Amino acid sequence: AQSLRAKVLRLISEIAGLGPVNHAALEHLEAVRRTLEATARQVEDLEKGIETLEAAIRKIDAETRGRLRETFEEVNGHFAETFSELFGGGVASLVMSGDDVLNAGVEVKAQPPGKKLQNINLMSGGEKTMTAIALMFAVLKTKPTPFCILDEVEAALDDANLSKLIGALDVLRSDTQLLVISHQRRTMEDADVLYGVSMQADGVSRVVSQKLDRETGK
């Protein structure tokens, strides 16, 4: 009986130590439980969304790498052909610097006829211009565009290279409308329409145009 009484007193003391009873505790517990369940569902939705997004990123990344590699090889092939046509021989290629296709740089290597393979920075001004034009034409062959603007691209070319460029432009304009800014008479003679600025009086200028007949030269 003594031990039972001690146990009762201990329980009474422990109950008293709990303090006032919060009759709303069960309601609060239920509200917290509902909030926790809602949060858990949101976390699950976010995790599924992350998985879906990561899968999409992996798919896009793989497709982008494949398309970039495919396009690079196509441009490289056209570049070699166009370079040889403009220079009357020689070899040229594009080389990726780095293993990661998406972050790799591109190095231009070119060897005009009768010269050693060299970096484009070691070429003369005219050779650089012709190589850059060859690369531009290679891109246009890979991805044709309806309109192209060329701003004095032939300024550094001699007569022989200018003739090659004009021939290449004649081929290019069969699919692309060209607007060529030039001070070269031979380039102008190859145009269908000329636009220029004429200053007839001091400080007064006028835009003029002239349509040319390429068959008669008039």
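Up top is the structure.
Residues numbered from 1 in each chain as written. Predicted model: local features only at pLDDT ≥ 70, side-chain atom pairs only at ≥ 80, totals over all residues. Heavy atoms only, no water.

### A few points about the packing of helix 3 (residues 125-142) against helix 4 (residues 159-172)
Where helix 3 meets helix 4, the closest approach of the two axes is 12 Å, and the angle between their N-to-C directions is 10°. Considering their axes alone, helix 3 and helix 4 lie roughly parallel with respect to each other. Of helix 4, the residues touching helix 3 (which contributes Met130, Ile133, Phe137 and Leu140) are Asn161, Lys164, Leu165, Ala168, Leu169 and Leu172. Residue composition of the contact of helix 3 with helix 4, by class: eight nonpolar, one polar and one charged. (Axes fitted to C-alpha atoms, helices over the stretch in contact; angles between N-to-C directions. Helix = DSSP H or I, 4+ residues; strand = E, 2+ residues; numbered from the N terminus. Parallel < 35°, antiparallel > 145°, perpendicular 65-115°, else oblique. Contact = heavy atoms within 4.5 Å. Nonpolar A, V, L, I, M, F, W, Y, C, P; charged D, E, K, R; others polar.)

### Side note on helix 3
Taking 1.5 Å as the rise per residue, helix 3 with 18 residues should run 26 Å; its terminal C-alpha atoms sit 26 Å apart, in good agreement. Looking only at helix 3, the buried set comprises Gly126, Glu127, Thr129, Met130, Thr131, Ile133, Ala134, Phe137, Ala138, Leu140 and Thr142. As for helix 3, its buried residues are in contact with helix 2 (25-87), strand 2 (105-111), strand 4 (147-151) and helix 4. (Expected span 1.5 Å × (residues − 1). Buried < 20%, exposed > 50% of the residue type's maximum accessible area, 1.4 Å probe, protein only.)

### Observations concerning the packing of aromatic side chains
In this description, a pair of aromatic rings is defined by centroid distance and the angle of the planes. Per the stated rule, a full pass over the model turns up two aromatic pairs. Their ring planes at 65° and their centres at 6.2 Å tell us that Phe79 and Phe83 sit as a pair that is edge-to-face. Placement of the pair is Phe79 and Phe83 together in helix 2, with a separation of four residues, close to one helical turn. With centroids separated by 4.2 Å and ring planes inclined at 25°, the aromatic side chains of Phe83 and Phe87 adopt a geometry described as stacked. With Phe83 and Phe87 both in helix 2 and four residues apart, the pair spans about one turn of that helix. For the pair formed by Phe83 and Phe87, the shared burial category is buried. Feature note: the residues Phe79, Phe83 and Phe87 constitute an aromatic cluster, connected by ring pairs. (Phe/Tyr/Trp six-rings, centres within 6.5 Å; stacked < 30°, edge-to-face > 60°.)

### Considerations on the packing of helix 2 against helix 3
Interhelical geometry of helix 2 versus helix 3 gives an angle of 135° and a closest axis separation of 8 Å. As the angle between them shows, helix 2 and helix 3 are arranged oblique. For the crossing formed where helix 2 meets helix 3, the hand is right-handed. For the pair helix 2 and helix 3, contact is made by Thr71, Glu74, Val75, His78, Phe79, Thr82, Phe83, Glu85, Leu86 and Phe87 and by Glu127, Met130, Thr131, Ile133, Ala134, Leu135, Phe137, Ala138, Val139, Lys141 and Thr142, respectively. Looking at the contact of helix 2 with helix 3 residue by residue, the class counts come to 12 nonpolar, five polar and four charged. (Left-handed = near helix turned anticlockwise from the far one by under 90°.)

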